[in-house]
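# Observations on chain architecture
Residues per chain are reported as follows:
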Amino acid sequence: MAPESGPGAIARPLSGYRIVELGSLPAGAYAARLFADFGAEVIKVEPPGGDPIRAFPPMIDAKTGGWFAYLNYGKKSVTTDSVDLDALLSSAQVLIDSTGRDHSAHPHLVAVDLSWFGRSGPYRDFKATDAMCRALAGFVQLIGPEEGPPLTLPDYQSAIMGGLAAFIPAMTALLGRQSRTWEVSVHEATVALAEYQAIEAWATGRQKRWGFNRFTPTYPMGVYRCRQGWIGITIVTPAQWISFCDLMGMPELGRDPDHVMGGERLVRADALEARFVPRFLDRTAEEWFALGLELRLPFAIVPDMQQVLTWPVFRNRNAIVPITIGDRTVEAPGSPFHLTATPANFGGRVPEPGEHNALCRPERSEGPGATSEGVLWSEREVLRFAQDDKKPLAGLRIIDLSMGWAGPICTRNLADLGADVIKIEACGYPDWWRGVDNRIETVTQRLYEKSHRFNIMNRGKRAITLDLTVPQGVALAKALVKSADAVIENYSAEVLRKFGLDYPELIKVNPSLVMVSMAAFGSTGPWKDTRAYGSTLEQGSGLPGVAGRPDDPPIMNHLAFGDAVGGLNACSSMLIALLHRKNTGQGQFIDLSQVQCMLPFAAAWAIEQSAVGRVTPRAGNRHPLYKPHGVFPSAGTDKWVFVAATDDAMWRALAQIVGWTGSRAAEDEIECAVAAWTCQRSADEAMDILQNAGVVAGAVRHPIELIDDPHLEARGFWQWIERAHVGRHPQPSPPYRVSGAPVAVTTPAPTLGQHNDEVLGNVLGLSKAEIERLLREGVIGTDALPPAQRKARAITG
């Protein structure tokens, strides 16, 4: 491994940037650590006794918890009683702040004002925990047994989403050289995981909780016991269902017209599972996974935490890194941003509180564009950029070869921030999120133009069609790449190589290109050809094994957890590479593993496994530190409210409200008392009463309830726009905003091939006659081809 400094040292793309972190919100700590991973000097400002999160479980030693260690390795620490904060901020370029501080005295800064619920709206001052935030964000209601209660992981999830949501706008401001303050809501960042289900429920009707590892709109998708270990499977398309049934020895079911689509199979899940679940006991999880690879089926071995730490597929990518805590070294997931030319630091050390008080000085003269006063940009530039209302990524062009959820949510963020995103599809193989039903009515009724999930992921983009199975289509794609800044794709590893559009071929036409590839386990290694959906990515991360109650099977925590997560990691890593390209002229390949992108959500358990050789047993909705902590019934059918007491004052207030006079140690009895009180009130009434008393409480929102959520409505989160074929529909805002107003959503998702003439004519300079010839020859088009006309060489992803 190359050294961090000295001869042969690896260039770190954020070296020379100073980041100051204020506050104790875990999302802020994660955002700041992402900067540290790539060479930025991150100075964490703590109270004299240290950040309270240092004492958060799982504990590694008497002073430091594994969660704090994961969020803060590679940083410096100063304490508020020993540092001139104003002088320190004057020397910084970025501030990550969860204290609500006024930043106006430092207009040169890229500042991120991070909070649980934003600085406006009825939830603004709510007491919160990670699980409560997820409950209000629609992330909990659909998980767990059909009869309830919904099940939630105790912690560590919204923090990662909020950290990514803070990192993205901060990086775009550096890239666009704009000093401004971004307001970021962890709640809205978490809604990104539920917005797909919210829009689908809004369009098609309310979804239900189907039980363990069952989700609308497809089936089978779950985790099943094998002769040894557990296998995760996801079957979506009709072709996959046929192959799966053949593999399981039930070919007649694969060809049954009542089982073509996932929704049709889901309503028959009990009967179908009676047929195939016992068959999984015939082989080990490894054997089933090997068969899935061979048949191109989305299978994943569901690992435990020891396997996460030791699997070669992770260790060979440096996905597991050493973290030094005092005189101990433990292992944990490292940065998921796999930049091949400028890789992340390989682990790091966790600072003691105030360890760098004597070393951190405001003066700073090194770094990209820094001055002797430590300001990144000159005073004239600071004033100009502070007054510039232009979107920070204006002028960048991104070629989007991705489909589904993961890649498109990456490019949606880039488009929201001003980039020109050109989406390439094919008439014979449109984006599969337009629909996977190949029956003829899908084409004749243009159902592929009526997919609301496609519409929310692809707003603000231009779309063209190119048949990449013919040389003309490939040549046109390369011509677009020639003038682009970046390309993103999320096909399986061999697809673009087959068409001559992989990175080694594309840099022949654009040597400074940044390209992001998003295979499940990366583009190399024995598992590079793994077929995957967002569910597969969670299954392969080990997270299901730490969720649920002691006797439950491993539990998936979302329909497709890994999709949004992979997309936000792709966006973040691309921005780092683009900033490095801007400063050096060097492009690079980003070999993202979407399973690796899920590992931060399991990091606390992985560190615990490394430190003590085991993980704390599962405890359902209970928390290792807070009592009580859980999901309780409220008035109405399948209505629930989350409640937690996180300190003694909260406990006293809660006990008085519910009439509890016994010991806090009697957790079973306390939960019964809380449930007896909550079930007499609506979820919102219980939430309001408890919050007014200073107790953490949040209604467990169904995703469809997010559309009318009073807080999101007050913040203008849902923006309503018109689109052909679907009319007026809601679009979710990004979780970051400027001056209190959401980033405007004005351009709907494109129809198939909508911008063929505009892009081919204006960008590539083709004449009208040349475009008409391409249309006649079927290289481009605006109508999806009927199944019978789709070419045998259509792309498979």
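Each value, and the rule that gives it
- Residues numbered from 1 in each chain as written.
- Predicted model: local features only at pLDDT ≥ 70, side-chain atom pairs only at ≥ 80, totals over all residues.
- Heavy atoms only, no water.
- Helix = DSSP H or I, 4+ residues; strand = E, 2+ residues; numbered from the N terminus.
- Rg over C-alpha atoms; globule rule 2.2 N^0.38 Å.
- Buried < 20%, exposed > 50% of the residue type's maximum accessible area, 1.4 Å probe, protein only.
- Contact = heavy atoms within 4.5 Å.
- Pairing = 2+ DSSP bridges.
- Right-handed = clockwise from strand over helix to strand, strands pointing away.
- Salt bridge = Lys/Arg side-chain N within 4 Å of Asp/Glu carboxyl O.
- Axes fitted to C-alpha atoms, helices over the stretch in contact; angles between N-to-C directions.
- Parallel < 35°, antiparallel > 145°, perpendicular 65-115°, else oblique.
- Left-handed = near helix turned anticlockwise from the far one by under 90°.
- Nonpolar A, V, L, I, M, F, W, Y, C, P; charged D, E, K, R; others polar.
- Core = buried A, V, L, I, M, F, W, Y, C linked by side-chain atoms within 4.5 Å.
- 1 Å grid on protein atoms, 1.4 Å probe; cavity = no way out; pocket = protein on both sides within 12 Å on 5 of 7 lines; lining within 4 Å.
- Points joined across faces, edges and corners; volume = space filled by probe spheres on them.
- Phe/Tyr/Trp six-rings, centres within 6.5 Å; stacked < 30°, edge-to-face > 60°.
- Polar contact = N/O pair within 3.5 Å; in protein donor to acceptor, adjacent residues only side chain to side chain.
- pLDDT = per-residue confidence, 0-100.
- Disulfide = S-S within 2.5 Å.

### What about the overall build of the protein chain?
Looking only at helices and strands, the protein chain has 31 helices and 25 strands in total. Relative to the 2.2 N^0.38 estimate, which gives 28 Å for 797 residues, the radius of gyration of the protein chain is 26 Å and therefore close to what a compact globule would have. The dimensions of the protein chain, computed from C-alpha atoms along their principal axes, are 75 × 65 × 50 Å. Looking at the protein chain residue by residue over its 797 residues, the buried ones come to 62%. Within the protein chain, residue pairs in contact and separated by at least 24 positions form 75% of the contacts whose partners lie at least 6 positions apart.

### Notes on the pairing of strand β1 (residues 18-22)
Along β1, five of the five residues are buried, which leaves the element largely enclosed by surrounding structure. Alternating residues of β1 divide into Arg18, Val20 and Leu22 and Ile19 and Glu21, and every residue in both groups is buried. Relative to strand β2 (residues 41-46), β1 runs parallel, the two being bridged by five bridges. Bridging across to β2, Ile19 finds its partner in Val42. Viewed along the sheet, the connection from β1 through helix α1 (residues 26-37) into β2 turns out right-handed. Here β1 pairs with strand β4 (residues 94-97) via four bridges, running parallel.

### Some words on the pattern of salt bridges
This structure, assessed with the given rule, holds 50 salt bridges. Put simply, Asp113 and Arg119 hold a salt bridge, and the shortest N to O gap is 2.7 Å. You can call Asp113 buried: its relative accessible area is 11%. Arg119 sits in the partly exposed class, given a relative accessible area of 32%. Of the charged contacts in the structure, one is a salt bridge between Glu252 and Arg275, with a shortest N-O distance of 2.6 Å. Here Glu252, found in helix α9 (residues 251-254), pairs with Arg275, found in helix α11 (residues 269-276); they are 23 residues apart in sequence, far enough to count as distant.

### Here we look at the sheet that holds strand β6 (residues 181-185)
Across the sheet, eight strands lie side by side as β3-β2-β1-β4-β5-β6-β24-β25; this open sheet has mixed pairing. Since the sheet does not close on itself, it has two edges, and those belong to β3 (76-79) and β25 (741-742), each with one partner.

### Digging into the packing of α1 against helix α5 (residues 158-176)
Running from N to C, α1 and α5 point in directions that differ by 50°, and their axes come no closer than 7 Å. By the angle class used here, α1 and α5 are oblique. Handedness of the crossing formed by α1 with α5: right-handed. Where α1 abuts α5, its residues Pro26, Ala27, Tyr30, Ala31, Leu34 and Phe35 lie against Ala159, Ile160, Gly162, Gly163, Leu164, Ala166, Phe167, Ala170, Met171 and Leu174.

### Things to note about the sheet that holds strand β16 (residues 486-489)
Strand order in the open sheet made by the six strands is β15-β14-β13-β16-β17-β18, with parallel pairing throughout. Both edges of this open sheet fall to β15 (462-465) and β18 (588-593), since each of them pairs with a single strand only. For this sheet the average axis-to-axis angle between neighbouring strands, irrespective of direction, equals 20°. Where strand β13 (residues 397-400) and strand β14 (residues 420-425) come together, four bridges link them in parallel fashion. Bridged to Asp400 within β14 is Lys423.

### Structural notes on the packing of α5 against helix α23 (residues 561-584)
Contact geometry for α5 and α23: axes closest at 10 Å, N-to-C directions at 25°. Taken together, the axes of α5 and α23 are roughly parallel relative to one another. As α5 packs across α23, the resulting crossing turns out to be left-handed. Of α23, the residues touching α5 (which contributes Met161, Leu164, Phe167, Ile168, Met171, Thr172, Leu174 and Leu175) are Val565, Leu568, Asn569, Cys571, Ser572, Leu575, Ile576, Leu578, Leu579 and Lys582. By residue class, the composition of the contact of α5 with α23 is 14 nonpolar, three polar and one charged.

### Regarding the nonpolar core
In this structure, Phe35, Trp67, Tyr70, Phe244, Phe314, Ile323 and Leu414 are the most contacted members of the largest nonpolar core, which totals 201 residues. With 33 residues, the next largest nonpolar core counts Val481, Ala484, Val759 and Leu760 among its residues.

### A short note on the environment of Gly205
Within the fold, Gly205 resides in the loop between α7 (195-204) and β7 (221-225). Considered as a pair, Gly205 and Ile704 are 499 residues apart in the sequence and their alpha carbons are 8.5 Å apart.

### Some words on the side chain of Glu667
Along the chain, Glu667 falls in helix α27 (residues 667-678). Overall, the relative accessible area of 10% leaves Glu667 in the buried class. Setting aside anything within four residues of it in sequence, one finds Glu667 in contact with Arg622 and Lys627.

### Some remarks on empty space enclosed by the protein
Within the structure shown, the criterion is met by five cavities of 30 Å³ or more. Estimated volume of the largest cavity: approximately 140 Å³. Considering the residues around the largest cavity, the lining is formed by 20 residues, among which Ala192, Arg412, Asn413, Leu568 and Pro735 are closest to the centre. Contributing elements (two or more residues each) for the lining of the largest cavity: α5, α6 (186-191) and α16 (406-416).

### Observations concerning the layout of surface pockets
Looking at the second largest pocket, its volume works out to about 900 Å³. Around the second largest pocket, the lining comprises 39 residues; the ones closest to its centre are Glu200, Pro217, Met261, Gly435 and Arg453. Grouping the constituent residues of the lining of the second largest pocket by class yields 18 nonpolar, 13 polar and eight charged.

### With respect to the packing of aromatic side chains
Summed over all chains, the structure comprises 38 aromatic pairs. Arranged with centres 5.2 Å apart and planes meeting at 70°, the rings of Phe139 and Phe561 form a pair that is edge-to-face. With Phe139 in the loop between α4 (130-136) and α5 and Phe561 in helix α23, the pair connects residues that are 422 residues apart, well separated along the chain. Phe561 carries the same exposure label as Phe139, and that label is buried. One aromatic cluster is present, built from ring pairs that chain together Tyr30, Phe56, Trp67, Tyr70, Tyr73, Tyr156, Trp605 and Tyr626.

### A few points about the pairing of strand β23 (residues 727-732)
In the case of a regular strand, side chains alternate between the two sheet surfaces. Across six bridges, strand β22 (residues 718-723) lies against β23 in antiparallel orientation. For Ile721, the partnering residue across the bridge sits in β23 and is His729. Taken together, β22 and the strand that follows it, β23, pair antiparallel across an intervening segment of three residues, in which His725 is found at a positive phi of about 80°.

### Re unusual backbone geometry
Negative phi is the rule for most residues except glycine; trans is the rule for most peptide bonds. Cis geometry is adopted by the peptide bond preceding Pro58, which originates at Pro57 and carries an omega value of 0°. Residue Lys627 is joined to Pro628 through a cis peptide bond whose omega torsion reads -10°. With a phi close to 80°, Tyr156 is a non-glycine residue in the positive phi region. Among the structural elements, Tyr156 can be located in the loop between α4 and α5.

### Things to note about the side chain of Ser451
Along the chain, the position of Ser451 falls in the loop between α17 (440-444) and α18 (452-457). Within the local environment of Ser451, its side chain forms a polar contact with the backbone oxygen of Trp433, the two atoms lying 2.7 Å apart. Beyond its immediate chain neighbours, meaning those up to four positions away, Ser451 contacts Trp433 and Arg434.

### Thoughts on the confidence of the model for the protein chain
When the pLDDT values of the protein chain are averaged, the result is 92; 94% of them are 70 or greater. Low pLDDT (under 50) marks residues 1-8, which in the prediction has eleven contacts with non-local residues, meaning those over four places away or in another chain. Here residues 365-387 is modelled with pLDDT under 50, and outside its nearest four sequence neighbours on either side it reaches 48 contacts, counting other chains as well.

### Concerning the state of the cysteines
Here the structure, examined in full by the defined rule, presents zero disulfides. Considering cysteine sulfurs only, Cys571 is the nearest to Cys410, which forms no disulfide, with 4.6 Å between them.

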